[in-house]
Amino acid sequence: MTAIDVAYRYHGTLTPEQMRALSNAFAVYGVRRIAVDEAASIITLEYDATRLNNESVAAVLRGCGIAVGDQVGGGVATA
């Protein structure tokens, strides 16, 4: 398994419904960790690169109803 961190800027303020949807994103096989920095409007996901890629992670966020913007950090392997 190769763990990768990727961060995306999002637009607007996250609603309670979007936050609930994010918690359900752990049901996607390969999503390992989700961190939200509301002050910077950045969501960071750690995922298993043998199961997902940056594009599929962005699709997971869009599926949560989050308007994903630019990738801020990406493809950084974690220990």
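Note that the coordinates shown come from a computational prediction; the quantities given were computed from them, not determined experimentally.

### Structural notes on the overall build of the protein chain
Counting its secondary structure elements, the protein chain contains two helices and four strands. The helix and strand sequence of the protein chain, counted from the amino end, reads β-α-β-β-α-β. Over its C-alpha atoms the protein chain spans a radius of gyration of 11 Å, differing by no more than 12% from the 12 Å that the globule rule assigns to 79 residues. By its C-alpha atoms, the protein chain is 35 × 25 × 20 Å across when sized along the principal axes. Sorting the 79 residues of the protein chain into buried and exposed places 35% on the buried side.

### Thoughts on the nonpolar core
Counting 20 residues, the largest nonpolar core has Leu22, Ile34, Ile43, Leu45, Val57, Leu61 and Ile66 as its most contacted members. The set of elements that each furnish at least two residues to this core consists of β1 (3-10), α1 (16-24), β2 (31-37), β3 (42-48) and α2 (54-63). With near-sequence residues (within four places) excluded, Val57 lies in contact with Val6, Tyr8, Leu45, Tyr47 and Leu52.

### Considerations on α2
Along α2, the residues that are buried comprise Val57, Ala58, Val60 and Leu61. Angular distribution of buried residues about the axis of α2 spans 150°; they occupy a single face of the element. Of the residues in α2, the exposed ones pointing more than 90 degrees away from the buried face are Glu55 and Gly63. Of the residues flanking the start of α2, the one acting as N-cap is Asn53, its side-chain oxygen 3.0 Å from the backbone nitrogen of Glu55. Trailing α2 by a residue or two, Gly65 shows a phi angle of about 85°, which is positive.

Cut-offs applied
The residue count restarts for each chain, going from 1 along the sequence in the order it is written. Per-residue local features of the predicted model are confined to residues with pLDDT of at least 70, and side-chain atom pairs are confined, for both listing and counting, to 80 or more; whole-chain, interface and lining totals are unaffected and use all residues. Derived side-chain values reflect all non-hydrogen atoms in the structure, with water molecules and hydrogen atoms excluded from consideration. Numbering of helices and strands runs from the N terminus, with a helix taken as a DSSP run of H or I at least four residues long and a strand as a DSSP run of E at least two residues long. C-alpha atoms define the radius of gyration in this analysis, and the globule rule sets the expected value at 2.2 Å times the number of residues to the power 0.38. Only protein chains enter the calculation, and the probe is 1.4 Å; a residue is then buried if its accessible area is under 20% of its type maximum, exposed if over 50%, and partly exposed in between. We define the nonpolar core as a collection of buried residues of types Ala, Val, Leu, Ile, Met, Phe, Trp, Tyr and Cys that are connected through side-chain atoms lying within 4.5 Å of one another. Contacts were defined at the residue level, with two residues in contact if any of their heavy atoms lie within 4.5 Å. Note that the arc is defined by the directions from the helix axis to the C-beta atoms. Any pair of N or O atoms that falls within 3.5 Å is considered a polar contact. Within protein, one atom must be able to donate a hydrogen and the other to accept it, and sequence-neighbouring residues count only if both atoms are side-chain atoms.

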